[in-house]
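Summary of structural features
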Amino acid sequence: MAQKGIREYDAKRMLARAIGEASGNRFTFDDRLVLVTPDTNLATLEKEHPWLLKEKLVVKPDQLFGKRGKNNLLLLDADLKAAKAWIAARMGKEVTIEGASGKTTGVLTHFLVEPFAPHDAEYYLAFTSSRDVDAIHFSPKGGVDIESVWDTVVSIQIPVLADPGKIEVLSKLPNIPEKEVVAAFIQALYRIYVDHHFAYLEFNPIAFSQGKLIPLDTVAKLDDTASFQCSAQWGPIELPRPFGRPMTKEETYVESLDAKTGASLKLTLLNPDGRVWLLVAGGGASVICADTVVDLGFADELANYGEYSGDPSTELTYEYTKTLLDLMIRKPDPRGRPKYLLIGGGIANFTDVAKTFTGIIQALEESKDRRQKNHVKIYVRRGGPNYKEGLENMRRLGERIGVPLEVYGPETHMTRIVSLALEEARR
Amino acid sequence: MKHDDYELFTAKTKAFIYGDQLRAAQRMLDFDYLCRRVEPSVAALITPERGGFEKLFWGTKEIRISRIRTLAEAASRFPEADVLVNFASQRSAYDVTVEALEIPTLRTIAVIAEGIPERQSRRMAALAKAKDKWIIGPATVGGVKAGGFKIGNAAGTMENIREAKLYRPGSVGFVSVSGGLSNEAYNIVARATDGLNEGIAIGGDAHPGSTLLDHLLRFEKNPAIKLLVSLGEVGGTKEYEIAEAVKAGKITKPLVMWASGTCAKVLPGQVQFGHAGAKANTAAETADAKNEALREAGVIVPTSFDDYHLKIRETYERLVKEGVIVPAADVTPPTIPLDYAQARAEGLVRKPTNFISTICDERGDIHNYCGVPIDRVVEEKYGLGGVIGLLWFKKDIPTYAREFIDMVLQIIADHGPAVSGAHNTIVAARAGKDLISSLVSGILTIGPRFGGAVNGAAEHFLYGLRNGLAPRQFVDEMKKHNVRIQGIGHRLHSLENPDARVELMKAFAQKHFRGTPLLDYALAVEAVTTQKKGNLILNVDGCIGVLLVDLLTELRFTDDEIDEMIRAGLFNAFFVLGRSIGLIGHYFDQVRLEQDLYRHPLDDILYDVPKAPEKVG
């Protein structure tokens, strides 16, 4: 529920479809684009897209990461045969990308193939949004690290209440050939940016050739909350996961549980060998508990980030807990040290605490043998409707299955169980 | 309503609730009552689907709250209401908010919906700013003015509210991003200080209608608030504006604040926390950078959330010591009666039930007939007969019994248009009456005479059999009492020309039933009566009657139970059920044929009216 990056393929497809109407049928974009996925049959590609045989091609991975040229993942001016060989050599391969925010390793699975467009000039063009204004950023120097030439960028601010069809760009552009055409292009693109609920749209570069702007490298984010109004404009759209480590089996399973319900179930595995495991209710509380582990100096021992909220059923809570426990007690700590399960949460608004604990208790009971081998110690803190009964059930569970278990309610600060566990771990 | 511009809510604030949110409305009224407000805070519910009113509790008694279809009408009827609690969905919340911003009497709009597109949120915020109005949210639970007013579901259950002492104002102004943590925060504030004065959750979206700073500046101006407490989070840059405001002297009251999300640095780059706004795109948006900037500006920032409550307590105690805060006195709030449903769930009350059902339970995932879930009923092909077994007899009856009941229903489904039931249905249908009226006017003729022979036959033959009367003796006794034996005699059929329906039923029963004692007895009686006249045979009504009794015996009902069911009208039940099929058919037939109003021909009526009535008295 937020800004989501989309593939360059989808962004260009959407723009090509919309530019005619947005410019009063003055402009067009090339809509000859192919997305090659692991399911694509490369051998018969030209049957479906005969233009591939006629054009020189550009090929690049399309997986929400940039700096493809620098990372040697860009093929220019190639024929189909070379393009196919290039893709085949890289499909399914693990690569490490060096980007602005450090290194990311992931597997190549999606490639964009499009016609190679010879051109005269390369510009920089981006649309961004902040609280009060949208901004159009333009520089005559495109195709380079834009931060290094930021003094050449003009930024045009457009108040959020302005009519996107009536903005004026021309007078603010620097001196470039056919400035009027470029301004009209930018105005049409801005209209698409607004109408399609883009949250971010950057072309670096966007080429200018024979009276036309041609998007080359395109980065786009959509506001996915607008899908209820934009399904027609967007067409069938995929919101891919960011490039990087593929999800583990357990994370995928929790995601599938999450998709099945109105409640929220999230799990990110950080370090399977970590000794501090979080089973925390509520988005806000879960972040704060993870924070506290990090702030108290145990970032290396933090095994997971996750949360459950929105009143999940007993069954879902059980499945979620089981999945987490299974990861936690897969193998004991090599040095035989205890592991800590923090069953935390703030004071619930209306969620029945006793009810959600039922699923957790059930999963804990079933895991008895392996849990003991792993020396699991449990800390509980929770408040809200029916919390007394919930906490009492937890205490009884501790006695029944003989697990070290400490239980606290709203009289104890929410993150106290984190510091208690970490104090013990430190000893 | 006139009040200082820093007060969005007072103990006199009146609000509209947009949407069918009776529980939220009740929670607001309960809070009002707990605060000993003079008047309820909910002026009306705005529900475009219907008008009228709703009954809600005010303490122990019920009051009426109007339902009004449009905001404009509500505003003209209740000009004193200046708050809208907008529960409209993600799809329509924007339109409702924009409409509300245009209404001069409304000043504050709380937008509850999650997932409003960012562009719409930004437009709402800009419109509100241009009109000098307040938006709280979107994606928020709202907020609470201790001792005065509560937005919708904010602050959770009455128990939470009581434990956090929200029924009377304290000295702390609190504002957070997260609504989910507000109860936790109110709890922290209540334990560390003399309590909350006002608490607001601005909502977790990237572009909330009002910001942390907007509310902190309001609290700054409010002389009743002495201590500011805030909880920010990773993402966005709004916390820097707070740091700037502190540096610039716009915020002078002590502020304890923490930005959560410090763990983001150890998470893989793209983990999105629960809130749409909670993601750092640049170094400046990280929680660490924000906490550092706040600390530098002079804000009281703990080293981790684990010390948050200690910093609040420390600061509060300092202010008390300095005489800035005179701790608010404790008051005893009135008790709010527990809702019956809640009290029952907690095992605190019990009451005798007024109703009992032993045949069907629709609670739970799938409803069941006498314990058999409906999916099994279908999968195991219970059929109409099996369902009747479950719902009428409370027994899981064998296949042959189900088939026999099916057979009975098929045989009695119709008997032509001339019989009184069908006739009545046809006349009603032709008078333009609807299906139910036409069907019922036919069914209402069923009784001792029409369809009653089934019942009568069963009773008569049972009387003979149970009293050990030999068939001849039985016939004689009935004759002596001048009672016609029910179920005997037919207009057309006779021994030589038997009724095919009767033959079918007899054959089926004789093949499948373990025994047919009452049928055997009836046939013995028939042997006597047919000696007198060939058409005094056991007719279809009689056969159904005696075989149903034999079936009940098959199904192990005792004599007493059988009598009870006969008295309760079991045989009429089969007749009503089966014949309704035919009656409905006649109704459709008449409608399709567009038959006009029926009027009985005069020459078919004997008019024998006296010249004058008899004079009496």
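Our structure is the block above this text.
Report on the accompanying structure. What you are looking at is a predicted structure, and each value in this text was computed from that prediction instead of being measured. (Residues numbered from 1 in each chain as written. Chains lettered and ligands numbered in written order. Predicted model: local features only at pLDDT ≥ 70, side-chain atom pairs only at ≥ 80, totals over all residues.)

**Focus: the overall build of chain A**
Our working definition: Numbering goes from the N terminus for both helices and strands, where a helix is a DSSP run of H or I of at least four residues and a strand is a run of E of at least two. Partly exposed residues are those falling between the two cut-offs: more than 12 but fewer than 20 other C-beta atoms within 10 Å of their own, whereas 20 or more means buried and 12 or fewer means exposed, with C-beta atoms placed from the backbone. Contacts are defined on C-beta atoms placed from the backbone: any two residues whose C-beta positions lie within 7 Å are in contact.
Per the secondary structure count, chain A includes 13 helices and 19 strands. Judged by the C-alpha coordinates and their principal axes, chain A covers about 80 × 50 × 40 Å. Of all 427 residues assigned to chain A, the portion counted as buried reaches 43%. For chain A, the share of sequence-separated contacts (at least 6 apart) that also reach a separation of at least 24 residues comes to 71%.

**A few points about the sheet that holds strand 7 (residues 134–136) of chain B**
Residue and element names in this part refer to chain B. The line we're drawing: Each pair of strands is called paired provided DSSP finds at least two bridges between the two strands. Lines are fitted to the C-alpha atoms to define the axes, a helix being fitted only along its stretch in contact, and any angle between axes, read from their N-to-C directions, falls within 0 to 180 degrees.
Taken in spatial order, the seven strands make up an open sheet running 3-4-2-1-5-6-7, and their pairing is mixed. Looking along the sheet, the strands with just one partner apiece sit at the ends: strand 3 (53–58) and strand 7. Averaged over all adjacent pairs, the angle separating strand axes in this sheet is 25°, with direction ignored. Here strand 3 pairs with strand 4 (residues 61–68) via six bridges, running antiparallel. Residue Leu56 lies in a different strand from strand 4, and its bridge partner there is Ile63. Together, strand 1 (15–18), strand 2 (42–46), strand 3 and strand 4 form the strand contacts of helix 1 (residues 22–34), whose direction differs from that of strand 3 by roughly 35°. With respect to the sheet, helix 3 (residues 93–101) is in contact with strand 1, strand 5 (83–86), strand 6 (108–111) and strand 7, its orientation differing from that of strand 5 by roughly 175°.

**Considerations on the sheet that holds strand 7 (residues 111–115) of chain A**
Residue and element names in this part refer to chain A. If you walk across this open sheet you meet the four strands as 2-7-3-4, and the pairing is antiparallel. Because the sheet does not close on itself, it has two edges, and the strands there are strand 2 (34–36) and strand 4 (75–78). Recorded for the sheet is a direction-independent mean angle of 20° between the axes of neighbouring strands. Relative to strand 7, strand 2 runs antiparallel, the two being bridged by three bridges. Paired with Leu35 across the bridge in strand 7 is Leu112.

**Considerations on the environment of A:Asn271**
Residue and element names in this part refer to chain A. Along the chain, Asn271 turns up in the loop between strand 14 (264–269) and strand 15 (276–281). With 14 C-beta atoms packed within 10 Å, Asn271 lands in the partly exposed category. Taking C-alpha positions, Asn271 is 4.4 Å from Ala303, a pair spaced 32 residues apart along the chain. Those residues within four positions of Asn271 in sequence are excluded, and the remaining contacts are Leu302 and Ala303.

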